[in-house]
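Below, each chain spelled out in residue letters.
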Amino acid sequence: MARGDFPSAKQDQFVLRLPDGMRDTIKEAADHNGRSMNAEIVARLEASFDPSANKDDQIEWLTGYLEQQQEERSDLLEALNGQERLLQKMADGHRTLTILAKAIGDAFLSHGDRSDILTVLAAGLRDVEPDLSNDPSEELPKQPWE
């Protein structure tokens, strides 16, 4: 059979340049859909010109995208809440350290035999003002969709 005898030889042909990696993507999609690369490209082009085509596919894709975004948002909120808890622990640790510093300063100053450097250090430690408030940092508000 001569080349001109094939039905495809009588169809319009078009040379197309593809960006790097696009050919592999088309090949994977064609294999997944059980058709040739040419049939995959033609099917996708036809669908792009028919606004009523593939609405279910578009809705499915958008639904998947929305679910992915909600999961990522949930992960971000969880990370923010974890950071908030960590900041609260750090504030508690800071409060404890300032109380200890003040107590050490008082202990050094009450001891009669001390050098000038120790006196300055002790006075500085004694003057540390701890934050004794028990107010937790502001919690992140829950959103209606959580």
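So, here's what we can say about the structure. (Residues numbered from 1 in each chain as written. Predicted model: local features only at pLDDT ≥ 70, side-chain atom pairs only at ≥ 80, totals over all residues. Heavy atoms only, no water.)

Here we look at the packing of helix 1 (residues 22-33) against helix 2 (residues 37-49)
Logical step 1: Where helix 1 contacts helix 2, the two axes come as close as 8 Å, and the packing angle between them is 90°. When the axis of helix 1 is compared with that of helix 2, the two are roughly perpendicular. Across the interface between the two elements, Arg 23, Ile 26, Lys 27, Ala 29, Ala 30 and Asn 33 of helix 1 pack against Met 37, Glu 40, Ile 41 and Arg 44 of helix 2.
Logical step 2: Looking at the contact of helix 1 with helix 2 residue by residue, the classes come out as 5 nonpolar, 1 polar and 4 charged. (Axes fitted to C-alpha atoms, helices over the stretch in contact; angles between N-to-C directions. Helix = DSSP H or I, 4+ residues; strand = E, 2+ residues; numbered from the N terminus. Parallel < 35°, antiparallel > 145°, perpendicular 65-115°, else oblique. Contact = heavy atoms within 4.5 Å. Nonpolar A, V, L, I, M, F, W, Y, C, P; charged D, E, K, R; others polar.)

Quick notes on the pattern of salt bridges
Logical step 1: What the rule picks out here adds up to 4 salt bridges.
Logical step 2: With a closest N to O distance of 3.1 Å, Asp 31 and Lys 27 form a salt bridge. Within this pair, Asp 31 and its partner Lys 27 are both found in helix 1, separated by 4 residues, close to a single helical turn.
Logical step 3: Given a relative accessible area of 36%, Lys 27 falls into the partly exposed group.
Logical step 4: A salt bridge links Glu 40 to Arg 44, with the nearest nitrogen and oxygen atoms 2.5 Å apart. Pair noted here: Glu 40 and Arg 44 are both in helix 2, with a separation of 4 residues, about one helical turn.
Logical step 5: Using a relative accessible area of 1% as the deciding quantity, one classes Glu 40 as buried. (Salt bridge = Lys/Arg side-chain N within 4 Å of Asp/Glu carboxyl O. Buried < 20%, exposed > 50% of the residue type's maximum accessible area, 1.4 Å probe, protein only.)

What about the environment of Arg 44?
Logical step 1: We classify Arg 44 as exposed; its relative accessible area is 52%.
Logical step 2: Each residue touching Arg 44, except ones within four places of it in the same chain, is listed here: Ala 29 and Asn 33.

Here's the deal with the packing of helix 3 (residues 55-110) against helix 4 (residues 116-126)
Logical step 1: For the pair helix 3 and helix 4, interaxial distance at closest approach is 7 Å and the crossing angle is 140°. Overall, the two elements helix 3 and helix 4 adopt an arrangement that is oblique. By crossing handedness, the relation of helix 3 to helix 4 is classed as left-handed. Between helix 3 and helix 4, the residues in contact are Ala 101, Lys 102, Ile 104, Gly 105, Asp 106, Phe 108 and Leu 109 and Leu 118, Thr 119, Ala 122, Ala 123, Leu 125 and Arg 126, respectively.
Logical step 2: Partitioned by chemical class, the residues of the contact of helix 3 with helix 4 number 8 nonpolar, 2 polar and 3 charged. (Left-handed = near helix turned anticlockwise from the far one by under 90°.)

Considerations on the side chain of Glu 40
Logical step 1: Looking at Glu 40, its side chain comes within polar contact range of the side chain of Arg 35, at 2.6 Å.
Logical step 2: Glu 40 has contacts with Ile 26, Ala 29, Ala 30, Asn 33 and Arg 35, leaving out every residue within four places of it along the chain. (Polar contact = N/O pair within 3.5 Å; in protein donor to acceptor, adjacent residues only side chain to side chain.)

Comments concerning a negative patch on the surface
Logical step 1: A grouping of Glu 67, Glu 71, Glu 72, Asp 75 and Glu 78 is seen on the molecular surface, where their side chains present a negatively charged patch.
Logical step 2: Following the sequence through the fold, Glu 78 ends up in helix 3. (Patch = residues over 30% accessible without salt bridge, like charges linked within 9 Å, V, L, I, M, F, W, Y side chains within 5 Å. Areas by Shrake-Rupley, 256 points an atom, 1.4 Å probe, with all protein chains shown as cover. Lys, Arg positive; Asp, Glu negative; His and termini not counted. Charge placed at Lys NZ, Arg CZ, Asp CG, Glu CD.)

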